[in-house]
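# Descriptive structure summary
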Amino acid sequence: MIILGFESSCDETGVAVVDTQRGLLAHALHSQVAMHEDYGGVVPELASRDHIRRVLPLTREALAQAGLGLDDVDAVAYTAGPGLAGALLVGASVARSIAWARDLPAIPIHHLEGHLLSPLLADPRPEFPFVALLVSGGHTQLMRVDGVGQYTLLGETLDDAAGEAFDKTAKLLGLGYPGGPALAALAEGADETRFELPRPKLHSQDLDFSFSGLKTAVLTRLRQLERDAPEGRVAESDRAALAAATQAAIVDVLVAKSLRALKETGLKRIVVAGGVGANRRLRERLVAGLARLKGQAYFPPLALCTDNGAMIAFAAAMRVQAGLADLTDTKPAFDVHP
Ligand code: KG4
Ligand code: ZN
């Protein structure tokens with residue numbers, strides 16, 4: 001079965017083609033990062049308009065890459081939420097319209113399920129059950145995954161998401177949007193021990209996270225450095241060291257809680273999904289920590305860590321194979337859930 005999948009929940013337009021037997025055949029992606037950069041964050045109205053401009057050319061591109069036409073498509077899938085309402089509507093409208101016009105099933109997919117199953121696109125592919133660490137701009141969760149559709153929440157953030165912590169502290173450091181990759185780049189090679197930052201809930205007995213205190217700690221440090229610096233200009237090496245300390249604080253908590261989740265569940269496999277999963281220090285520290293537990297970490301291919309259409313089409317394919325998709329649903333209902 002050939003599935004055409006659409007992602008448009010935030011600032012990436014993604015379209016992909018997945019074969020339930022052969023896996024991912026093609027995916028096309030447009031990131032709006034450059035467009036939103038001037039505003040320091042995603043502007044919802046601009047995002048929706050850009051999705052409208054990009055979605056059909058990307059659909060043609062993905063189908064052409066796969067060497068297929070719309071006639072070959074057996075079902076469509078789309079991100080139904082969570083996300084920006086107007087942005088979600090674009091992908092949902094296009095997917096639903098194609099389904100309605102061609103009498104094809106339309107499969108709504110939860111954005112986080114897309115991220116959660118995306119490490120299964122990697123080689124080697126993790127077997128169920130596993131623990132999943134979901135770390136995106138909007139979510140930070142640890143889940144136990146026993147199969148497609150069988151998810152148990154083990155712990156989550158009580159305030160900011162890990163990606164949000166990266167983005168907000170990056171903003172304090174004067175870095176552009178999105179902050180995560182920019183902060184990681186600034187931190188590269190810097191001394192992460194020069195500044196000590198709090199690691200909230202590091203030793204708590206639960207599997208929850210809290211990151212909101214980190215930005216206050218970084219702000220306090222930064223103000224102090226500004227006061228001490230000639231003309232208030234913080235040295236580049238201090239900014240880099242503060243970025244490195246921030247990254248270290250976030251990553252240390254993520255790794256400690258991930259290892260605790262494995263110990264508590266008795267599982268040996270952990271998959272990391274969501275944009276923050278692209279972070280190199282997180283990958284390295286997790287792999288090092290797992291060596292002691294004889295556990296194994298699985299990551300989605302780097303290009304599929306942040307939002308994309310492949311994970312949506314793939315999650316739909318997994319649902320179809322597990323008998324969890326309603327293949328009679330062709331009605332044009334826009335069931336988005338921002
Ligand atoms: O999954 P995603 O693309 O979108 C959401 O669903 O939120 O995640 C985006 C988040 C942003 O907060 C971004 O700063 C963060 O992932 N991110 C990173 C890195 N690449 C993206 N954070 C840390 N290090 C990175 N290399
Ligand atoms: Zn996402």
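A short tour of the structure in this document, coming up. Given the structure is predicted, the values throughout are model-derived calculations rather than measurements.

## Comments concerning the environment of A122
- Residue position: A122 is located in the loop between α4 (111–117) and β6 (130–135).
- Expressed as a C-alpha distance, the spacing of A122 and L304, which sit 182 residues apart in the sequence, is 9.6 Å.
- Residues in contact with A122, not counting those within four places in the same chain, are Y298, F299, P300 and P301.

## Brief notes about the sheet that holds β6
- Here we have five strands laid out as an open sheet, ordered β8-β7-β6-β9-β10, and mixed in their pairing. Either end of the sheet is taken by a strand with one partner, and the two such strands are β8 (150–156) and β10 (296–298). Neighbour to neighbour, the strand axes of the sheet diverge by 25° on average, direction disregarded.
- Bridging between strand β9 (residues 269–273) and β10 involves three bridges; their strand directions are parallel. Bridging across to β10, R269 finds its partner in Q296.
- This element, helix α8 (residues 236–265), spans β6, β7 (140–147), β8 and β9 of the sheet and lies at about 155° to β6.

## Here's the deal with the site of ligand 1
- What surrounds ligand 1 is a group of 19 residues, the closest being G137, G163, G180, G275 and T306.
- Elements with a minimum of two residues in the shell around ligand 1: α5 (162–172) and α6 (179–187).
- For the shell around ligand 1, the leading source of residues is α6, giving four residues.
- For the shell around ligand 1, the per-class residue count stands at seven nonpolar, ten polar and two charged.
- In terms of domain composition, the shell around ligand 1 takes at least three residues from each of domain 1 (2–116 + 305–321) and domain 2 (127–299).

## Structural notes on helix α7 (residues 212–228)
- Helix length check: α7, at 17 residues, gives a terminal C-alpha distance of 26 Å against a target of 24 Å (1.5 Å per residue), a fit within 8%.
- For α7, the full list of buried residues reads L214, V218 and R221. Along the long axis of α7, the arc covered by the buried residues comes to 65°, so they all point the same way. Seen from the buried face of α7, the exposed residues on the opposite side, beyond 90 degrees, are T216, T220, Q224 and R227.

Quick notes on the rules
Residues numbered from 1 in each chain as written. Chains lettered and ligands numbered in written order. Predicted model: local features only at pLDDT ≥ 70, side-chain atom pairs only at ≥ 80, totals over all residues. Helix = DSSP H or I, 4+ residues; strand = E, 2+ residues; numbered from the N terminus. Contact = placed C-beta atoms within 7 Å. Pairing = 2+ DSSP bridges. Axes fitted to C-alpha atoms, helices over the stretch in contact; angles between N-to-C directions. Near = placed C-beta within 6 Å. Nonpolar A, V, L, I, M, F, W, Y, C, P; charged D, E, K, R; others polar. Domains from an automatic or database assignment. Expected span 1.5 Å × (residues − 1). Buried ≥ 20, exposed ≤ 12 C-beta atoms within 10 Å, placed from the backbone. Arc of directions from axis to C-beta.

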